[in-house]
Amino acid sequence: MNSYDDKGVGEGVGEGAGGGAGGGVSGEREAVAGPVARNGPEARTVPEPRTDPGLRNDPGPLADPGPLADPGPRADPGPRADAGPRVGMAGLSLPYQVVAAVALSVIGLIACIQLAMVFLHVAPSNTLTKQHGEAVDQWIYPEFEQNWKLFAPNPLQQNIAVHVRAEISGPDKRRTTSWMSLSGEDGKAIRGNLLPSHVQQNQLRRGWDFYLGSHDSQNRANGLRGRLSEQYIRRIVMLRLSEHDYGGDVLRIQIRSEVRSVAAPAWSDEKISTKPSYRVLPWWTVTAADLPKGSADSEEADQ
C-alpha cells in the first residue's frame, strides 16, 4: 500500500515538476479538447466554458438591400364604395348630359319669354307695348289672355246672367220654352267642385263679353267681329240646349242678359239698387252652322 501511494505521489510530483516544460501545454490541450478521464478513483471532468446569456452574438454587417424598386403606375381604385350611386344628371353619360342641359336651357328661355309677355300685356301702356304691342298680342291671344290690368284692376261690380229660350217644333204644333239660365247651370257645376273646368268658368262669360264688345246698344254688329261673335254665342247656346230633351227640333232661339248690381256691404252707407235690368236680343233662326259637331241634327243638315 505504501509503495502504491508513494508511486502515485511521485508521479504527481513529477508531473508538477515537469509542468514548466510541457505540463502547462498539455493541461491547456486537455481543457480545449474537452473532459479527460483519469485513471483512479479521483477522476474528474473539466466543465465546458459557459457563454454569458446577456451578451448577443454579433450578427455581422447588414447586407445592403440595394436601391428601392420602382413600384410603377398605381391602378385606379375606381369610385369609392361609400360614395353611393350618382343621381340626377350626374348619373347620365356625357351625350345625355348635353341633351338634358340644352333642353333645360330651352325650357328656361321659354318660361322667361312667357313671363315677360304676360307682364307687358297686363302692364300699363309704355314704350315697349307701343312699339311691340302687336307681337305681344300674337303671343298672348287666345290661350293666355288676361282679363285685368296690372296695378289697375277693375273688379266686376255686377252679376250678369245669360238666359235663353227656344222655339220647338213639336208633333202637333210649335211651342216656346220658358227662360233657362245658362249661367245658373255653370254656377251649379262650379260650386263644390275643387277643380272646375275652364269651360264652366269662362266660356259663356267670355262669349257674352265678346258679343257686347262688338255690338252697339241697338244690337247692330260692328264689322266682321260682330258677325263672328253672333255665330260664337249661338254655338254655345245650341251646345247647352243639346243636353236637354225638349221633344222636338229647335227652330229658333232668343237670348237675353240679366244684370244685377252687387249689393253694398252691411257696414256701408251706400245705397245701391239690386233690381235686375234685361237686354233682350232678337230671335235667331237656327242653321246647320249653329249645331254642335257630331250631333244627329248636324249630320242631317250636312247631308
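What comes next concerns the included structure. (Residues numbered from 1 in each chain as written. Predicted model: local features only at pLDDT ≥ 70, side-chain atom pairs only at ≥ 80, totals over all residues. Heavy atoms only, no water.)

## What to know about the overall build of the protein
So, step 1. A count of helical and extended segments in the protein gives 8 helices and 6 strands.
So, step 2. Ordering the α and β elements of the protein from the N terminus gives α-α-α-α-β-β-β-α-α-α-β-β-β-α.
So, step 3. Counting the 303 residues in the protein, one finds 19% classified as buried.
So, step 4. The contacts of the protein with a sequence gap of at least 6 include a subset with a gap of at least 24, amounting to 56%.
So, step 5. Summing over all exposed atoms, the protein offers an accessible surface of approximately 23,700 Å²; the carbon and sulfur share of this is 56%. (Helix = DSSP H or I, 4+ residues; strand = E, 2+ residues; numbered from the N terminus. Buried < 20%, exposed > 50% of the residue type's maximum accessible area, 1.4 Å probe, protein only. Contact = heavy atoms within 4.5 Å. Areas by Shrake-Rupley, 256 points an atom, 1.4 Å probe, with all protein chains shown as cover.)

## Some points on the packing of aromatic side chains
A ring pair, where both rings are aromatic, is described by two values, the distance of the centres and the angle of the planes.
So, step 1. Under the defined criterion, the tally for this structure stands at 2 aromatic pairs.
So, step 2. A ring pair is formed by Trp208 and Tyr211, whose centres lie 5.5 Å apart and whose planes are at 20°; its orientation type is stacked. Taken together, the residues span about one helical turn, with Trp208 and Tyr211 both in helix α6 (residues 198-213) at a distance of 3 residues.
So, step 3. Aromatic ring contacts, followed pair by pair, group Trp208, Tyr211 and Trp284 into a single cluster.
So, step 4. Over the ring of Trp284 we find Arg234; its NZ or CZ atom is 5.2 Å from the centre of that ring.
So, step 5. Across from the ring centre of Trp179, 4.3 Å away, lies the NZ or CZ of Arg256, which sits over that ring. (Phe/Tyr/Trp six-rings, centres within 6.5 Å; stacked < 30°, edge-to-face > 60°. Lys NZ or Arg CZ within 6 Å of the ring centre and 35° of its normal.)

## Quick notes on helix α7 (residues 224-241)
So, step 1. Between its terminal C-alpha atoms α7 stretches 26 Å, which fits the 26 Å expected from 18 residues at 1.5 Å a residue.
So, step 2. What α7 keeps buried is the set Gly226, Ser229, Glu230, Ile233, Arg234, Ile236, Val237, Met238, Arg240 and Leu241.
So, step 3. As for α7, its buried residues are in contact with β1 (158-169), β3 (180-181), α5 (182-190), α6, β4 (249-261) and β6 (284-285). (Expected span 1.5 Å × (residues − 1).)

## Some remarks on the nonpolar core
So, step 1. With 21 residues, the main nonpolar core has Val164, Trp208, Val237, Leu241, Ile253, Ile255 and Trp284 as its most contacted residues.
So, step 2. Taken together, the elements giving at least two residues each to this core come down to β1, α6, α7 and β4.
So, step 3. At 5 residues, the largest contribution of residues to this core is made by α7.
So, step 4. Residues within four places of Leu241 in sequence aside, it is in contact with Val164, Ala166, Met180, Tyr246, Val250 and Ile253. (Core = buried A, V, L, I, M, F, W, Y, C linked by side-chain atoms within 4.5 Å.)

## As for the packing of α5 against α6
So, step 1. The N-to-C vectors of α5 and α6 enclose an angle of 160°; their axes lie 9 Å apart at closest approach. Classed by the angle they form, the pair α5 and α6 counts as roughly antiparallel. The handedness of the crossing between α5 and α6 comes out as left-handed. Contact residues: Leu182, Ser183, Asp186, Ala189 and Ile190 in α5; Gln200, Gln201 and Leu204 in α6. (Axes fitted to C-alpha atoms, helices over the stretch in contact; angles between N-to-C directions. Parallel < 35°, antiparallel > 145°, perpendicular 65-115°, else oblique. Left-handed = near helix turned anticlockwise from the far one by under 90°.)

## Focus: the side chain of Ser229
So, step 1. Summarising the element assignment, Ser229 is placed in helix α7.
So, step 2. Using a relative accessible area of 0% as the deciding quantity, one classes Ser229 as buried.
So, step 3. A polar contact is formed between the side chain of Ser229 and the backbone oxygen of Gly226, at a distance of 2.6 Å.
So, step 4. In this structure, Ser229 is in contact with Phe210, Tyr211, Ser214 and His215, ignoring residues within four places of it in sequence. (Polar contact = N/O pair within 3.5 Å; in protein donor to acceptor, adjacent residues only side chain to side chain.)

## Let's talk about the environment of Trp283
So, step 1. Position of Trp283 relative to the elements: it lies in the loop between β5 (277-280) and β6.
So, step 2. A residue is classified by how much of its surface remains accessible, and Trp283, at 26% relative accessible area, is partly exposed.
So, step 3. For the pair formed by Trp283 and Ile255, sequence separation is 28 residues and the distance between their alpha carbons is 7.7 Å.
So, step 4. Other than its neighbours up to four places away in sequence, Trp283 contacts Arg165, Ala166, Glu167, Thr176, Arg252, Ile253 and Gln254.
So, step 5. A polar contact of 3.3 Å, which involves the side chain of Trp283, links it to the side chain of Gln254.

## Observations regarding a nonpolar patch on the surface
So, step 1. Residues Leu94, Val98, Val102, Val106, Leu109, Ile110, Ile113, Trp139 and Phe144 make up a contiguous nonpolar surface patch of roughly 810 Å² in combined accessible area.
So, step 2. Within the element layout of this structure, Ile113 appears in helix α3 (residues 94-122).
So, step 3. The exposure class assigned to Ile113 is partly exposed, which follows from its relative accessible area of 32%. (Patch = residues over 30% accessible without salt bridge, like charges linked within 9 Å, V, L, I, M, F, W, Y side chains within 5 Å. Salt bridge = Lys/Arg side-chain N within 4 Å of Asp/Glu carboxyl O.)

## Topic: the pairing of β1
So, step 1. Looking at chain direction, β1 and β4 are connected through 12 bridges and run antiparallel. By the bridge assignment for β4, Gln158 is matched with Ser261.
So, step 2. Sheet topology places β1 next to β3; 2 bridges connect them, and they run antiparallel. If you follow His163 over to β3, its bridge partner there is Ser181.
So, step 3. Taken together, the 3 bridges between β1 and strand β2 (residues 174-176) define a ladder with antiparallel strand orientation. Residue pairing across strands places Glu167 opposite Thr176, the latter belonging to β2.
So, step 4. Turn length for the β1-β2 hairpin, with the two strands adjacent in sequence and antiparallel, is 4 residues. (Pairing = 2+ DSSP bridges.)

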